[in-house]
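Understanding the architecture of this molecule
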Amino acid sequence: DDDDDDDDYFDLKPFIEDKDVLKYMVEMQLKSAPKKLFDRPFPSEKNLFVVGQKLEGIDPKHEALFCVMTVSEVCGYRIKLHFDGYPDDYDFWVNADCPNLFHPGWCKMNSRILQPPNNYGNEFNWISYLRECQALPAPKRNFFSTININNNENQHKFRIGDKLEALDKLTRTLPKQLICVATIADTLGNRIRIHFDGWSDDFDYWTDITSTNIHPIWWCDNNGRILSPPSGYNDMKGRNPFNWTVYLKETNSNPVPEDAFVRRPLRDFSNKMMIEVIDLVVPKLLRIARVVDVRGDELKIVYDGFDDNYAYWVEDDSPDIHPVGWSAKTNHPIELPPAPNTLWNCNIRGCRGYGNSSNRLKNDHVELKDCPYEMDSWKTAVAGLAKMSDRLKASNVSISTTLKNSKSKNNRHHNDENKEKNRMNIENKNLFKIKEKINERRLNLMLDTNNIEPECDSDSKTSFHNNIPSSNDKKLRKALGLSLVGYNLGSVFMEPQRNYWTRHNAQLGIPLFNTTDARKWSIQEVASYVKKVVATYTSISPNTNEEISISDRFIDQEIDGESFLMLNQDDIMNILKVPFGHALKITNAIILLRQRTSGFDLFDFPQL
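Let us look at the structure shown here. The model shown is predicted, which means the values in this text are computed figures rather than measured ones.

Attention shifts here to helix 1 (residues 19-29). Residues Val21, Leu22, Tyr24, Met25, Met28 and Gln29 constitute the buried set of helix 1. All buried residues of helix 1 fall inside an arc of 165° around its axis, so they share one side. Turned more than 90 degrees away from the buried face of helix 1, the exposed residues are Lys19, Asp20 and Lys23. Those residues of helix 1 hidden inside the fold are in contact with strand 13 (274-278), strand 14 (286-295) and helix 7 (326-330).

Our focus in this paragraph is unusual backbone geometry. The phi dihedral of Lys272 is positive, around 80°, even though this residue is not glycine. If you trace the backbone, Lys272 turns up in the loop between helix 6 (244-251) and strand 13. Backbone geometry places Lys577, a non-glycine residue, at a positive phi of 60°. Inspection of the secondary structure puts Lys577 in the loop between helix 15 (569-575) and helix 16 (580-596).

All right, on to the side chain of Ser563 then. Structurally, Ser563 is set in helix 14 (residues 561-566). A distance of 3.3 Å separates the side chain of Ser563 from the side chain of Asp560, its partner in a polar contact.

Attention now moves to the sheet that holds strand 14. The strand order 16-15-14-13-17 describes an open sheet built from five strands, whose pairing is antiparallel. One side of each edge strand has no neighbouring strand; the edge strands of this open sheet are strand 16 (312-315) and strand 17 (321-322). In terms of strand pairing, strand 15 (residues 298-303) meets strand 16 through four bridges, oriented antiparallel. Along strand 16, the bridge assignment pairs Leu299 with Val314.

How each quantity is defined
- Residues numbered from 1 in each chain as written.
- Predicted model: local features only at pLDDT ≥ 70, side-chain atom pairs only at ≥ 80, totals over all residues.
- Heavy atoms only, no water.
- Buried < 20%, exposed > 50% of the residue type's maximum accessible area, 1.4 Å probe, protein only.
- Helix = DSSP H or I, 4+ residues; strand = E, 2+ residues; numbered from the N terminus.
- Arc of directions from axis to C-beta.
- Contact = heavy atoms within 4.5 Å.
- Polar contact = N/O pair within 3.5 Å; in protein donor to acceptor, adjacent residues only side chain to side chain.
- Pairing = 2+ DSSP bridges.

Listed below in C-alpha cells is the structure:
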C-alpha cells in the first residue's frame, strides 16, 4: 500500500459494512490529507499481539525506564499495555508498530536495565517469571519496528554523553517554550534519549535524530533565543552567565557535531485537511479531525463534531495521526460524531458518553463532572498534566539503574582460601553459567515458536486482570487459557531420520529404552545413565588434581533430569570438561531422550 503514492482514495466498501459509517468515511476521504505526508500511512504488517502476552517496553511517562508489561487488550492495530504489578489505572494504548516495545530478553541482550514487576520478591528472570505466571512471551516476529534497531546505531554522529540544546516538550504548548542544556543519555537506532542537565531523568524523552526539537550547542545564541542552563548551575557559579566553552571543560564532555543535525523537511499540511487521530482523553477511540492551523512542524486540530475551542496542537509526525482510511485498513472502529442537535447527559457537544475523568477504569460517564471533555479536564490533558498520581511515587518504588553482575554471588577471599572452597566456588559458577544458558536458550526458543495468530475482531472486548507472583506467595493468575506451541528440541528430525538416528545410537552402544521420564531423573540417575553411555572413562580434575570419572562430573555439577535434557555439546565440553568424542556420544543420547520424552515442554520444568 505504501508504494502506491498516487492512490489516496482507495475503495472503502470492502472494508466497511455499516452504510452510515461508509457514507461518512467516503465524504471525509475526499478531504483527507494526502498519505505522502505520513511516514507510514497504512501499515503493511498485521497486528500480531495477543492478550496475555508479555514484553518489555519503555514507560511513556518515565521514558528512561524499560518495564515488564502485558498486553491487556487488542483493538484493530492498537494494543493496551499493563505494567505488571501495578493497578490498571496506569494502562496505556500504543500502535502495534510502536518503537518503544521489545521482546522479552531484549534488555539483557542490549545492556539495558529492565525494571521488574512491582512487589516481585525474587531476582527477575524471564523464564522463571513466565512459568510462575503461566504466561507466554510476545514472539520476536511481533516487533517488526525494533527487531533490527541496532543496525543504524553507527550510521549517525550522535553519541551517548555528548551535549546539545533541546526543547523541553512540557513547554511545547506554552507561549514561552524552554530550550535547555541537554545530554544524549541513550540511543536506539535513529532515536536518541534527551536528558536535561541538572534534572532527574523523569523529564527525559526519546526523539528522532532529524527532529526539530534538538539543536547544536550555541544555537540559541545564534538565533536570539534564551538557553536555560542546567538546574542550579547559576546558583553554584554565582552570577556568571552560562557559557558552553566553560561548561564542556567542567563536565569533560564533547558537543554533538553540528553536521550531525539533518532536519527533516516540514510537511505540507494545510487548513481544512481531514485526518484520523487518536482521541487525546479516551485513547481507545479513533476520531476524524480537521486541521485548523499549521505552525512549522505542528498542526492545530479539532475533532469533527466538537466546538472549535477544543482545538489543540499536535506534532506533524505524531504516531497518533493518520490519513483517512487508516481505520478501515487496520480494522479499527472509527468514532462518528453524534447526530446534529444530539447531546449526551453531560451536555458537551461531540461527546457520546465515553471515558471518565474521575475513574479511568470506567468506560463511560453520565455527569458533567466525570466527562473527560469538560473544559477544565480537557485543558489539563492538553497541557500534558496528569490528574492521577505518579505510578512510581504512588507505589513507593525504588528504581534500579545499574546492571547486576551476572557472576556468582559467592564471596571469594583470595587470601588463605583452601582448595575445597575454591573448587566449590568454581563449580557453583559453572552451574550458574549452565542454568543461565539454559534459560536464555529456552526464552529464545519460546520467542521463535510462539506463533499464535490473533483474531482481528474489533468488536470483541477482553478483560485482563493481573496478579504478580511475589515473595508473599500471591495467587498466580493463568493467562486466558493460552497454550504453548508444542516444543521438542528433537523435532527437527523427520520420522525416517529418527529411525536412522535410533539405529545409529544402538550401534554406538548408547542405551535406548527407558521407561521412566528423563525429566524426573535425580542427579544420581543422570550420572548412572552417563556412565552407561561413556563407560568408566576417567581423567584428572584440573581443580583438585584427583582422578574423576565423567559421570562424577555430572554429580558435582548437580545436573538432574531437566538440566540434562537442556545441555548441548558446548556445555558438555566447555563447562563439564568432557573430551570431544565422549561429549558427542552424550549429546546424541540427549537428543534421543528428548525425542522419546512425550510432551517435552518448557513449562514442565521446575524453576531454575
